Amino acid sequence: MTYNEYRQLRAYARYDGIYLGVIWVASFACMIGITTWPFLNMLWMMLALSTPFFVALRLKKYRDNALDGIISFKRGFAYCLRVFFHSALLLAIMQWAYMHFLDHGHLAQMLQTIFDTPQSHEVMKQVRMDAKELITVFSEISPLQFAVTYFGENIMIGLMLSFPIALISRRTHTSAKQRNINKQ
C-alpha cells in the first residue's frame, strides 16, 4: 500500500467512523432515555445491532468508489479497525461529557430500577452477585473511568466484527457490474 493509498484509507475511515460514532451516540442516548420513554428500547437495540451492517455498507462504498471494486482482506480489515477506533473515540468523548456534566446519578438510578424487578433478583442470585454492591461500585466510577472502560470494550467489539466484515467484503477482481460503472 502506497502512502497516498494509506492516506485515502485514513480519510474514508475517519469520516465513516464519525458516521458510526453518531449512530453509537444516538444508541447511547436511547439507552439513557429508556426509563422515561420505554419505546426507545427498540430503537436502542436496532441502532446497536445495525453496526456490522453499516460498517459493511461503508466498506463496500469505499471499495467500489475509491478502489474500483477491488480490496484485499488486509486493507478491508485495516479500514474496519480504523472506523471502529474513530467511532469508539467519539462515543467515549460523548460518554465522558454526559457522565461529567449531565448524568448526576441518573444511570445508577436506572440500574437500581432495573435491579428492583423480580427477574433481576433471580439473575443476580444465579450469578451470585449483590445488586446493591454492584450499584454502589457503579456509582463510584468516575466519568473518565466509565468512558475509558467502554472505549476499550468498543475497540474489542470492533476487532471481533472487523474480521468477518473484511472477509466477506474482500474482492480480488472487479465484478461485471463494477466494470460497466467504470466504463461510463
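A brief look at the structure comes next. Within every chain, residues take consecutive numbers counted from 1 along the sequence as written. Totals for whole chains, interfaces and linings use every residue, but because this is a predicted model, local features are given only for residues with pLDDT of at least 70 and side-chain atom pairs only at 80 or more, for both listing and counting. No hydrogens and no water enter the side-chain calculation; it runs on all heavy atoms of the structure.

### Description of a nonpolar patch on the surface
Think of a patch as exposed residues, more than 30% relative accessible area, with no salt bridge, where like charges cluster within 9 Å and nonpolar side chains (Val, Leu, Ile, Met, Phe, Trp, Tyr) cluster within 5 Å. Only the protein chains shown count as cover for residues, and the accessible areas themselves come from Shrake-Rupley with a 1.4 Å probe. A side-chain nitrogen of Lys or Arg and a carboxyl oxygen of Asp or Glu constitute a salt bridge if their distance falls within 4 Å. On the surface, Trp96, Phe101, Leu102, Leu144 and Val148 cluster together into a nonpolar patch covering about 530 Å² of accessible area. Numbering goes from the N terminus for both helices and strands, where a helix is a DSSP run of H or I of at least four residues and a strand is a run of E of at least two. Listing elements by their share of the nonpolar patch, those giving two or more residues are α4 (73–103) and α8 (143–169). Examining the composition of the nonpolar patch, we find that three residues originate from one element, α4, more than from any other. Within the element layout of this structure, Trp96 appears in helix α4. Residue burial is assigned from relative accessible area. The probe radius is 1.4 Å, only protein chains are included, and a residue is buried under 20% of its type maximum, exposed over 50%, and partly exposed in between. On the basis of relative accessibility, which here comes to 32%, the residue Trp96 falls in the partly exposed class.

### Points about the pattern of salt bridges
Under the definition given, this model contains four salt bridges. Between Arg58 and Asp16 there is a salt bridge; the shortest N-O distance is 2.9 Å. Of this pair, Arg58 sits in helix α3 (residues 51–66) while Asp16 sits in helix α1 (residues 3–32), placing them 42 residues apart in sequence. Here Asp64 and Lys60 are joined by a salt bridge, their closest N and O atoms 3.1 Å apart. Of this pair, Asp64 and Lys60 both sit in helix α3, four residues apart, which is roughly one turn of that helix. Relative accessible area serves as the criterion here: at 15%, Asp64 is assigned to the buried category. Its relative accessible area of 40% is what places Lys60 among the partly exposed residues. Via salt bridges that share partners, Lys60, Arg63 and Asp64 belong to a single interconnected network.

### Brief notes about the side chain of Thr51
As for its placement among the helices and strands, Thr51 is situated in helix α3. Judged by its relative accessible area of 4%, Thr51 is buried. Two N or O atoms form a polar contact when they lie within 3.5 Å of each other; inside protein one atom must be a possible hydrogen donor and the other a possible acceptor, and for residues adjacent in sequence the pair counts only when both atoms belong to side chains. Among the polar contacts listed, one links the side chain of Thr51 to the side chain of Trp24, at a separation of 2.8 Å. Residue contacts are defined here by distance: any two heavy atoms, one from each residue, within 4.5 Å place the two residues in contact. Apart from the residues lying within four places of it in its own chain, the contact partners of Thr51 are Leu20, Trp24, Phe84 and Leu161.

### Some remarks on the environment of Tyr98
Mapping Tyr98 onto the fold places it in helix α4. It is 9.5 Å that separates the C-alpha atoms of Tyr98 and Ala29, two residues lying 69 residues apart in sequence. The residues contacting Tyr98, other than those within four sequence positions of it, are Phe28, Ile32, Asp103 and His106.

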